Amino acid sequence: MKTGAKILVESLQREGTDIIFGYPGGVVLPIYDELYDSSLRHILVRHEQAAAHAADGYARASGRVGVCLATSGPGACNLVTGIATAYMDSIPIVALTGQVPTNLLGNDAFQESDITGITMPVTKHNYLVKNTADLSRVVQEAFYIAGTGRPGPVLIDIPKDVSTTSVKDAPLPEKVVLRGYNPTYHGHKKQIEKALHLIAAAERPVIYAGGGVIASNASAELMSVATQLGIPITTTLMGIGAVPGDHPLNLGMLGMHGTEYANFAITECDLLFAIGVRFDDRVTGKTETFAANAKIIHIDVDPAEIGKNKRVDVPIVGDVKAVLTDMLGLLKKSSGHDAWIKKIKHWKQHHPLKCPSNGALHPQYIIRQLSELVQGNAVIVSEVGQNQMWTAQHFCFHNPRTWITSGGLGTMGYGLPAAMGVHFARPDVPVFDIAGDGSIQMNIQEFGTLAANNIPVKVAILNNMYLGMVRQWQELFYDRRYSFTELPPVDFVKIANAYGIEGVRVESPDEVVPALKTSLECNGPFVMDFRIEREENVFPMVPAGAAINEMIGGHPRT
């Protein structure tokens, strides 16, 4: 006979879990008592939201399912932002929450919340376990659902009496079979043949690759298809890293803050080959003008995404890696698209991303110096806002799962706790959190977690004493009426020191590289407070509702 808490811990170990990010409370004490003697590593965060983000960062960097744990009521509710973040970006996590005993459910008991109801819109599936004998099966199913098909978060709500009741642990099936849940992995052969026919007839093709390529571990297959056919590739924010940043076919990121040449290429292409993408509004701009003259092929494991925002000529439902592998078996080497590639090279030469050099401390310079210093041997995490866009634009990523950021939900406060999770997934490489002074303060209490566990995350704060991206919109579209976007000055180095973390303030360009090198030489966490130009903007930029070739802050069109 085993208690539910023991069954839970053993079930997690059976699924390959090696680390949990969590915060204890009353109704999860039986689980925490079982963890006390367990081989599972537990990282005590300082806020439950950070536990969800850390599990998310771990999952993105490792490709495995991340796990977080919180108590009932406010503890469970504090996970919601992190769960929603993972849901929007299709990240596999399992969130474990405690619940009041089953006999008190629905009675408004102390610290009771209907967390399964609250999270229903932002989970792939969730469970309220009322029978201890079901616990092993539920954990097995949760991990299977989270990590298969289109990945996503799954929540398991566990009443206290389910944790304390002892039962005989039920045997588990070798294979999970769930009625109504059968993801399609291999694309239809005729659809693949139709796609290849369109590709062969195209004169100005572009591959538009997203987070689905990363999730499917299909970067090698993507590059094989692109190089054999000579097709340029643009990536979404979530697809960065799928293509080496310095590859000749890489157009960089497209969309609102994408490169000018990527947006020009999309506008003028006659074939758009969309792979693991959502056609979201930050990419498409004015939808009717997005690839308006192109035939569209779309590969996605989730059939609901195909045709949702944009009409598709050849839909292919299937796992990206499997479909591209099948496609490679049928490919004939292309003669190339010389005129098209030549035009794109012209755009690249005449419309590069700008990096100011007037002697002031510019964020673009900091990002480029970091990129040059680490040479791809690091994982870069970002917060959300200008810091995120500058990093996406100016850092040269060489490999998948080395760029970790909140895309769909755009969650401020994501970066610091996510970076903690990334470290435990990739302890072999340096981990940097590129932050804004607004976003870092959303979860700044996690400096305590860094210090207590000596987690060697390097935090680079691009400090302009504004909510930078919101201020930028106010400057451009609200006549510089900076309504509640200016932040008071904060000495982040003193805050870091108060937690026992080393740090340095940087105020001039010649201090940038020494500060970055010092952070890398430090064996523990390190905080860098970069005092950047206060009203620096992220350009180019597509205004809301405009077509993606209608950028501001770029170069004159040539």
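All of these numbers come straight from a predicted model, not from anything done at the bench.

Asks: Would you explain the layout of surface pockets in this entry?
Replies: The rolling of a water-molecule-sized probe over the atoms marks out the regions of remaining empty space. Counted as a void, the second largest pocket has a volume near 430 Å³. Taken together, 24 residues make up the lining of the second largest pocket; nearest its centre are G245, N250, G252, Q393 and F395. For the lining of the second largest pocket, the secondary structure elements donating two or more residues are β11 (250-253), α16 (363-374) and α17 (386-394). Here the element with the most residues in the lining of the second largest pocket is β11; it accounts for 4 residues. Residues that form the lining of the second largest pocket fall into these classes: 10 nonpolar, 11 polar and 3 charged.

Asks: How do you make sense of the side chain of T116 when you look at a structure like this?
Replies: Within the fold, T116 resides in helix α6 (residues 115-119). Judged by its relative accessible area of 13%, T116 is buried. Those residues in contact with T116 that sit more than four places away from it in its chain are N126, Y127, L128, L155 and D157.

Asks: For this particular structure, what's the right way to read the sheet that holds strand β10 (residues 233-235)?
Replies: In any sheet, the strands associate via hydrogen bonds between backbone groups, in a parallel or an antiparallel arrangement. Across the sheet, which stays open at both edges, the 6 strands sit in the order β11-β10-β9-β12-β13-β14 with parallel pairing between neighbours. Looking at the sheet topology across the chains shown, the edges are occupied by β11 and β14 (314-317). Geometrically, the sheet is characterised by an average inter-axis angle of 15° between neighbouring strands, direction not taken into account. Contacting β12 (271-275), β13 (295-300) and β14, helix α9 (residues 189-201) runs over the sheet at an angle of about 135° to β14.

Asks: Just to check I follow, could you spell out helix α3 (residues 48-62) for this structure?
Replies: The α-helix winds at 3.6 residues per turn, so residues separated by three or four positions along the chain end up facing the same way. Here α3 is 15 residues long and its end C-alpha atoms lie 21 Å apart, about the 21 Å a rise of 1.5 Å per residue gives. In the stretch just after α3, G63 is the one whose phi turns positive, near 80°.

Asks: Whenever I open this one, a nonpolar patch on the surface confuses me. Can you help?
Replies: On the surface, a cluster of nonpolar side chains totalling about 240 Å² of accessible area is made up of Y87, M88 and L409. Among the structural elements, Y87 can be located in helix α5 (residues 80-88). A relative accessible area of 35% means that Y87 is categorised as partly exposed.

Asks: Can you help me understand the packing of α3 against helix α18 (residues 415-425) in this one?
Replies: Axis angle and axis distance: for two packed helices, these are the angle between their axes and the distance between the axes, and together they describe the pair. Running from N to C, α3 and α18 cross one another at 40°; their axes reach a closest spacing of 6 Å. Classified by the angle their axes make, α3 and α18 are oblique. Pair α3 / α18 crosses with right-handed handedness. On α18, the residues that touch A50, H53, A54, G57, Y58, A61 and S62 of α3 are P417, A418, G421, V422, F424 and A425.

Asks: Got a minute to help me understand the sheet that holds strand β19 (residues 502-506) in this structure?
Replies: Spatially, the 6 strands line up as an open sheet ordered β16-β15-β17-β18-β20-β19, and their pairing is parallel. Edge strands, defined here as strands with exactly one partner in the open sheet, are β16 (403-404) and β19. Pairing geometry for strand β15 (residues 379-382) and strand β17 (residues 431-436), over 4 bridges, is parallel. Looking across to β17, one finds that S382 is bridged to I434. The strands touched by α17 are β15, β16, β17 and β18 (457-463); relative to β17, the strand with the most contacts, the crossing angle is about 130°.

Asks: So what exactly am I meant to see when it comes to the pairing of strand β7 (residues 154-159) here?
Replies: Among the 6 residues that make up β7, 6 are buried, leaving the element largely enclosed by the rest of the structure. Of the two faces of β7, the one lined by V154, I156 and I158 and the one lined by L155, D157 and P159 are each fully buried. In this structure, strand β5 (residues 93-99) lies alongside β7, joined through 6 bridges in parallel fashion. Bridged to V94 within β7 is V154. Bridge count for strand β6 (residues 125-128) against β7 is 4 bridges, and the pairing is parallel. Within β7, the position partnered with H125 by the bridge is V154. Regarding the hand of the β-α-β motif, the stretch spanning β6, helix α7 (residues 135-147) and β7 is right-handed.

Asks: Is there a simple way to explain the environment of G63 in this structure?
Replies: Looking at the secondary structure, you find G63 in the loop between α3 and β4 (66-70). G63 has contacts with Y58 and R401, leaving out every residue within four places of it along the chain.

Asks: What exactly am I supposed to notice about unusual backbone geometry here?
Replies: Generally, phi is negative for residues other than glycine and the peptide bonds are trans, each holding for most cases. In this chain, F539 is followed by P540 through a cis amide linkage whose omega measures 0°. Locating P540 in the fold gives a position in the segment after β20 (526-531). A positive phi angle, near 60°, is found at S90, a position not held by glycine. Relative to the elements of secondary structure, S90 occurs in the loop between α5 and β5. On the accessibility criterion, S90 (13% relative accessible area) is buried.

Asks: How do you make sense of the packing of aromatic side chains when you look at a structure like this?
Replies: Taken as a whole and assessed by the stated rule, the structure comprises 12 aromatic pairs. On the basis of an interplanar angle of 85° and a centroid distance of 6.1 Å, the ring pair of F279 and F290 is categorised as edge-to-face. Taken as a pair, F279 in the loop between β12 and α13 (281-284) and F290 in the loop between α13 and β13 lie far apart in primary sequence, 11 residues in all. For the pair formed by F279 and F290, the shared burial category is buried. Ring geometry for F397 and W403: centres 5.2 Å apart, planes at 50°, overall tilted. Residue classification places F397 among the buried residues on the basis of a relative accessible area of 3%. Joined through ring pairs, the aromatic side chains of Y208, F279 and F290 make up one cluster. Against the face of Y466 rests R471, its NZ or CZ located 5.6 Å from the ring centre.

What counts as what
Residues numbered from 1 in each chain as written. Predicted model: local features only at pLDDT ≥ 70, side-chain atom pairs only at ≥ 80, totals over all residues. Heavy atoms only, no water. 1 Å grid on protein atoms, 1.4 Å probe; cavity = no way out; pocket = protein on both sides within 12 Å on 5 of 7 lines; lining within 4 Å. Points joined across faces, edges and corners; volume = space filled by probe spheres on them. Helix = DSSP H or I, 4+ residues; strand = E, 2+ residues; numbered from the N terminus. Nonpolar A, V, L, I, M, F, W, Y, C, P; charged D, E, K, R; others polar. Buried < 20%, exposed > 50% of the residue type's maximum accessible area, 1.4 Å probe, protein only. Contact = heavy atoms within 4.5 Å. Pairing = 2+ DSSP bridges. Axes fitted to C-alpha atoms, helices over the stretch in contact; angles between N-to-C directions. Expected span 1.5 Å × (residues − 1). Patch = residues over 30% accessible without salt bridge, like charges linked within 9 Å, V, L, I, M, F, W, Y side chains within 5 Å. Areas by Shrake-Rupley, 256 points an atom, 1.4 Å probe, with all protein chains shown as cover. Salt bridge = Lys/Arg side-chain N within 4 Å of Asp/Glu carboxyl O. Parallel < 35°, antiparallel > 145°, perpendicular 65-115°, else oblique. Left-handed = near helix turned anticlockwise from the far one by under 90°. Right-handed = clockwise from strand over helix to strand, strands pointing away. Phe/Tyr/Trp six-rings, centres within 6.5 Å; stacked < 30°, edge-to-face > 60°. Lys NZ or Arg CZ within 6 Å of the ring centre and 35° of its normal.

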